[in-house]
Amino acid sequence: MRHRIFVAVALICLWGTFVVAVAQTVAKSSQKDSKSDPAATKTSQTEGEKRFQANCGRCHNPPESISPREARAVVRHMRVRAMLSAEDEQLILKFLAP
Amino acid sequence: MVGRVLLALTLILCGLSTARAQSDIPILSGGAGFFSATQGNNTFFQPVVAPVLVVPFGEKWLVESRADLRGFISRENGSTGPYQGQFLSTLEYLQLDYNANSHLTITAGRFLTPFGIFNERISAIWINKFQDAPAMAAIGIAGGYSNGFMLRGALVSNDRYVVNYATYFSTLSTVNKLESERTFGGRLGVFIPSVGLEVGTSYQRKLQDQRMNSFGAHLSWTPSGLPLEVKGEWAHSLSGHGYWIQGGYRLSQLGGPNSAIGRLEPVFRMQQFFRSRLIAGDSLPSTNVHRPEFGLNYYLPHEVRLNTSYGRQFIAQSTDVNVWEFGITYRFLFPLLPGESK
């Protein structure tokens, strides 16, 4: 009896994981689709560079190389340090990790 | 048995899935450096490591910390005798941040006291264009670190102007390495992006021992299109008043920022402090001090920077001395979890 319960719970969890993974993949691909406009991407990167120079560039140069995952943590850190608004944070992130 | 294996497998998969979904990874950043300074006949050396740890939790929470670990190596009798060293460690901040909304971050823990701009924005060894802090920068910062809570953010942020603020309350702590004073205060700044100018003002009220107010004003100017940077501060307290102003001009217009000349940055700083009253433990010079300084920094590839400077220090009722400084700093950044390569 306990064996069957274990199997049932495990199968339910596996199914849940599969559903979550598919949902994330779909969400990411739809995000990519919405961001696929090159002109819009370029505009937000330019604006991000402007915000970087205005807020961060006053104290230091941009990092020479940074991965997107690192960039997210760096920008969240700098949001607190440099008192950035949420909009500045997102635009600077697009500049650092396009 | 099969069920347990399946359950374990499922839990591992769930964990991996969550880890992949959790896009914000903790990072270890900061700077390392080696500094030497000669003041008059006294020479000392300081190897320094200043690690910064950033750990995001979810979308709104963040833990961040910075320490300063340094050795201080000098001759036993100042200018004579064998060299001796001591190790100094400081926890500069260890704070929990909550991004409540676009304009407000709530911070609790140990943080850099927000007064003026030097302590919060310039004191990091990989940012400061000179090796040491201006003498008057000790006004209004209560030792540099506060234990308590803080509210900060951008009150207004648009293309024409940005109004930023920070206000805090700090409690008394006498715990070794975690000392802080009972104070409250804050800073308000207005930044105009079109001209690259920020001006602001700071206030602090000390709520222990000799209760007193400190006032300050700061400016920061980085004109767009010019590799020029001008920063300055003025502050006043019962102990005295003073100012510092510094400028740096990166020669990147001569062949680009990565050319041999374009990596050079001449810098200048002038600082004066005028003592009004002797107050024990205020970390300020005991007499008036004037110090003009000239420097030359060189930005090498891979986040390495060389700092050199010469200054002449005029101290009231004492001998004037030359101050020569040389240093090298390296800024690093590592992810604390494996993942995408750079």
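Residues numbered from 1 in each chain as written. Chains lettered and ligands numbered in written order. Predicted model: local features only at pLDDT ≥ 70, side-chain atom pairs only at ≥ 80, totals over all residues.

Asks: Residues and numbers for the overall build of chain B, please.
Replies: Secondary structure assignment for chain B yields 2 helices and 16 strands. Each of the 342 residues in chain B was classed as buried or not, and the buried ones make up 34%. In chain B, 51% of the contacts between residues at least 6 apart in sequence involve partners at least 24 apart. (Helix = DSSP H or I, 4+ residues; strand = E, 2+ residues; numbered from the N terminus. Buried ≥ 20, exposed ≤ 12 C-beta atoms within 10 Å, placed from the backbone. Contact = placed C-beta atoms within 7 Å.)

Asks: So, the overall build of chain A: which residues are in play, and what are the values?
Replies: Scanning chain A from terminus to terminus reveals 4 helices and 0 strands. Counting the 98 residues in chain A, one finds 32% classified as buried. Within chain A, contacts between residues at least 6 apart in sequence are counted, and of these 69% link residues at least 24 apart.

Asks: Describe in detail helix H3 (residues 68-81) of chain A, supporting the description with residues and values.
Replies: An α-helical turn contains 3.6 residues, so a residue and the one three or four places further along point in the same direction. All names here are of chain A. Taking 1.5 Å of rise per residue, 14 residues should cover 20 Å, and H3 covers 20 Å from first to last C-alpha, within 8% of that figure. Counted residue by residue, H3 has 11 buried out of 14 residues, so it is predominantly covered. Within H3 the residues assigned to the buried category are Glu70, Ala71, Arg72, Ala73, Val74, Val75, Arg76, His77, Met78, Arg79 and Val80. Immediately beyond the C-terminal end of H3, within one or two residues, lies Met83, with a positive phi of roughly 55 degrees. (Expected span 1.5 Å × (residues − 1).)

Asks: So what's going on with the pairing of strand E5 (residues 104-112) of chain B? Residues and values would help.
Replies: All names here are of chain B. Both strand E4 (residues 83-101) and E5 contribute to a ladder of 7 bridges, which runs antiparallel. Of the residues in E5, the one forming a bridge with Leu96 is Ala108. Linkage of E4 to E5, two consecutive antiparallel strands, is achieved through a turn of 2 residues. One ladder, built from 8 bridges, connects E5 with strand E6 (residues 145-157); its direction is antiparallel. Note on E6: the bridge partner recorded for Ile106 is Leu151. (Pairing = 2+ DSSP bridges.)

Asks: Give a description of the pairing of strand E9 (residues 197-206) of chain B that names residues and reports values.
Replies: All names here are of chain B. Here E9 shows a buried face lined by Glu198, Gly200, Ser202, Gln204 and Lys206 and an unburied face lined by Leu197, Val199, Thr201, Tyr203 and Arg205. Pairing of strand E8 (residues 183-192) with E9 involves 10 bridges; the strand directions are antiparallel. From the neighbouring strand, Gly185 faces E9, where its bridge partner is Gln204. Here E8 folds back onto E9, and the loop between the two strands holds 4 residues, one of which, Gly196, carries a positive phi near 65 degrees.

Asks: I'd love a proper account of unusual backbone geometry, names of residues and values included.
Replies: Residues and elements named next belong to chain B. Backbone geometry places Lys177, a non-glycine residue, at a positive phi of 75 degrees. Relative to the elements of secondary structure, Lys177 occurs in the loop between strand E7 (162-170) and E8. The exposed category is assigned to Lys177, around which 9 C-beta atoms lie within 10 Å. Backbone geometry places Glu303, a non-glycine residue, at a positive phi of 60 degrees. Note on placement: Glu303 falls in the loop between strand E14 (289-300) and strand E15 (304-315).

Asks: So what's going on with helix H4 (residues 86-96) of chain A? Residues and values would help.
Replies: Where burial is concerned, most of H4(A) is hidden: 8 out of the 11 residues are buried. All of the buried residues in H4(A) are A:Asp88, A:Glu89, A:Leu91, A:Ile92, A:Leu93, A:Lys94, A:Phe95 and A:Leu96.

Asks: How would you sum up the nonpolar core? Please name residues and give values.
Replies: Among the nonpolar cores identified, the biggest contains 42 residues, and A:Val75, A:Ile92 and B:Met136 are the most heavily contacted of them. Of all elements in the fold, only helix H2 (38-56), H3 and H4 of chain A together with strand E2 (42-57) and helix H2 (118-122) of chain B reach the threshold of two or more residues within this core. Among the elements that make up this core, the one with the highest residue count is H3(A) (6 residues). Counting 7 residues, the second largest nonpolar core, distinct from the first, contains B:Tyr93, B:Tyr145, B:Met150 and B:Ala166. (Core = buried A, V, L, I, M, F, W, Y, C linked by C-beta atoms within 7 Å.)

Asks: Describe the packing of H3(A) against H4(A), listing the residues and the values that go with them.
Replies: Residue and element names in this part refer to chain A. Following both chains from N to C, one finds H3 and H4 inclined at 145 degrees, their axes separated by 10 Å at the closest point. Remark: the crossing between H3 and H4 carries right-handed chirality. For the pair H3 and H4, the contacting residues are Ala71, Arg72, Val75 and Arg79 in the first and Glu89, Ile92, Leu93 and Leu96 in the second. Of the residues belonging to the contact of H3 with H4, the class tally is 5 nonpolar, no polar and 3 charged. (Axes fitted to C-alpha atoms, helices over the stretch in contact; angles between N-to-C directions. Left-handed = near helix turned anticlockwise from the far one by under 90°. Nonpolar A, V, L, I, M, F, W, Y, C, P; charged D, E, K, R; others polar.)

Asks: Tell me what's going on with the confidence of the model for chain A, and back it up with residues and numbers.
Replies: Detailed conclusions should not be drawn from predicted coordinates in areas where pLDDT is low. The predicted model of chain A has a mean per-residue pLDDT of 71, with 58% of residues at 70 or higher. The model gives residues 17-35 of chain A a pLDDT under 50, and that stretch makes 8 contacts with residues more than four places away or in other chains. (pLDDT = per-residue confidence, 0-100.)

Asks: How would you summarise the environment of B:Met136 if you had to cite specific residues and measurements?
Replies: Residue and element names in this part refer to chain B. Secondary-structure assignment places Met136 in the loop between H2 and E6. For Met136, a count of 28 C-beta atoms within 10 Å gives the class buried. The spacing of Met136 and Val289 is 153 residues in sequence and 9.3 Å in space, taken between C-alpha atoms. Ignoring any residue separated from it by four or fewer positions in sequence, one finds Met136 in contact with Ala235, Gly242, Tyr243, Trp244, Gln271 and Phe273.

Asks: Describe the environment of B:Phe294, listing the residues and the values that go with them.
Replies: Residue and element names in this part refer to chain B. By the element assignment, Phe294 lies in strand E14. Classification of Phe294 as partly exposed rests on a count of 13 C-beta atoms within 10 Å. Taking the C-alpha atoms as reference points, Phe294 and Gln246, separated by 48 residues in sequence, lie 9.6 Å from one another. Those residues in contact with Phe294, other than ones at most four positions away along the chain, are Phe268, Ser309 and Tyr310.

Asks: Before we move on, could you go through the confidence of the model for chain B and cite the residues and values that matter?
Replies: All names here are of chain B. Taken over all residues, the pLDDT of chain B has a mean of 90, while the share at 70 or more is 92%. Taking the mean pLDDT of every element in chain B, the minimum, 44, falls on helix H1 (residues 2-21) and the maximum, 97, on E5. For residues 12-21, every residue scores under 50 in pLDDT, and the model assigns this stretch 7 contacts once sequence neighbours within four places are set aside. Among the prediction metrics, the complex's ipTM stands at 0.84, with pTM recorded as 0.82.

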